[in-house]
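What the coordinates show
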Amino acid sequence: MECERARTAFATQMLGGLDGPQRECVVEHLDRCPSCRAERDELLALLPLLDAVRPYELEGVPAPDPERAVRAARELVTDRD
């Protein structure tokens, strides 16, 4: 497995979207490639930080609009009927 493909795959694996033979290939690649292991470790360190981010608290990102969500849900129900 080449590094570029492995990096995409281990990012997917960290988010729980990789199993079976693909997972085994990534694990084998990481065992052999110190560069990819280092990048994986950096990404692992970022995951807890990403959990702490609330997009609506960031400057320039609008706050959630519950009324808009209700209207959108009603439109979906109306479209199905």
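Heads up: the structure comes first, above all this text.
What this report covers is the structure whose coordinates are included nearby. (Residues numbered from 1 in each chain as written. Predicted model: local features only at pLDDT ≥ 70, side-chain atom pairs only at ≥ 80, totals over all residues. Heavy atoms only, no water.)

Looking at the packing of helix α2 (residues 20-32) against helix α3 (residues 34-52)
- Across the interface, α2 lies against α3 with an axial gap of 6 Å and an inter-helix angle of 110°. On the basis of the axis angle, α2 is roughly perpendicular to α3. Contacts from His29, Leu30, Asp31 and Arg32 in α2 reach Pro34, Cys36, Arg37 and Arg40 in α3. (Axes fitted to C-alpha atoms, helices over the stretch in contact; angles between N-to-C directions. Helix = DSSP H or I, 4+ residues; strand = E, 2+ residues; numbered from the N terminus. Parallel < 35°, antiparallel > 145°, perpendicular 65-115°, else oblique. Contact = heavy atoms within 4.5 Å.)

Quick word on the packing of helix α1 (residues 3-14) against α2
- One way to put it is that α1 packs onto α2 with a least axis distance of 10 Å and a crossing angle of 120°. Of the possible angle classes, the one that applies to α1 and α2 is oblique. The hand of the α1/α2 crossing is left-handed. In this structure, α1 contributes Cys3, Ala6, Ala9, Phe10 and Gln13 to the contact, and α2 contributes Arg23, Val26, Val27, His29 and Leu30.
- Residue classes in the contact of α1 with α2 are distributed as seven nonpolar, two polar and one charged. (Left-handed = near helix turned anticlockwise from the far one by under 90°. Nonpolar A, V, L, I, M, F, W, Y, C, P; charged D, E, K, R; others polar.)

Description of α3
- Between its terminal C-alpha atoms α3 stretches 29 Å, which fits the 27 Å expected from 19 residues at 1.5 Å a residue.
- Maximum bend of α3: about 30°, positioned at Leu46, with proline Pro48 one to four residues after it. (Expected span 1.5 Å × (residues − 1). Bend = angle between axes of the 7 residues up to and from the residue.)

Thoughts on the pattern of salt bridges
- Overall, the coordinates contain two salt bridges when judged by the stated rule.
- A salt bridge links Glu39 to Arg7; the shortest N-O distance between them is 2.6 Å. Note that Glu39 is positioned in helix α3 and Arg7 in helix α1, a separation of 32 residues in sequence.
- Look at Arg7 and you get partly exposed, because its relative accessible area is 26%.
- A salt bridge links Asp41 to Arg40; the shortest N-O distance between them is 3.0 Å.
- Take Asp41: its relative accessible area is 41%, and that puts it in the partly exposed class. (Salt bridge = Lys/Arg side-chain N within 4 Å of Asp/Glu carboxyl O. Buried < 20%, exposed > 50% of the residue type's maximum accessible area, 1.4 Å probe, protein only.)

Quick word on the state of the cysteines
- Under the criterion given, the structure shown has zero disulfides.
- Of all cysteine sulfurs in the structure, the one in Cys33 sits closest to Cys36, which takes part in no disulfide; the separation is 3.7 Å.
- The buried category is assigned to Cys36, whose relative accessible area is 0%. (Disulfide = S-S within 2.5 Å.)

Concerning the side chain of His29
- Structurally, His29 is set in helix α2.
- Of the residues examined, His29 reaches a relative accessible area of 5% and is grouped as buried.
- The contact partners of His29, leaving out residues within four places of it in the chain, are Met1, Glu2, Cys3, Ala6 and Cys36.

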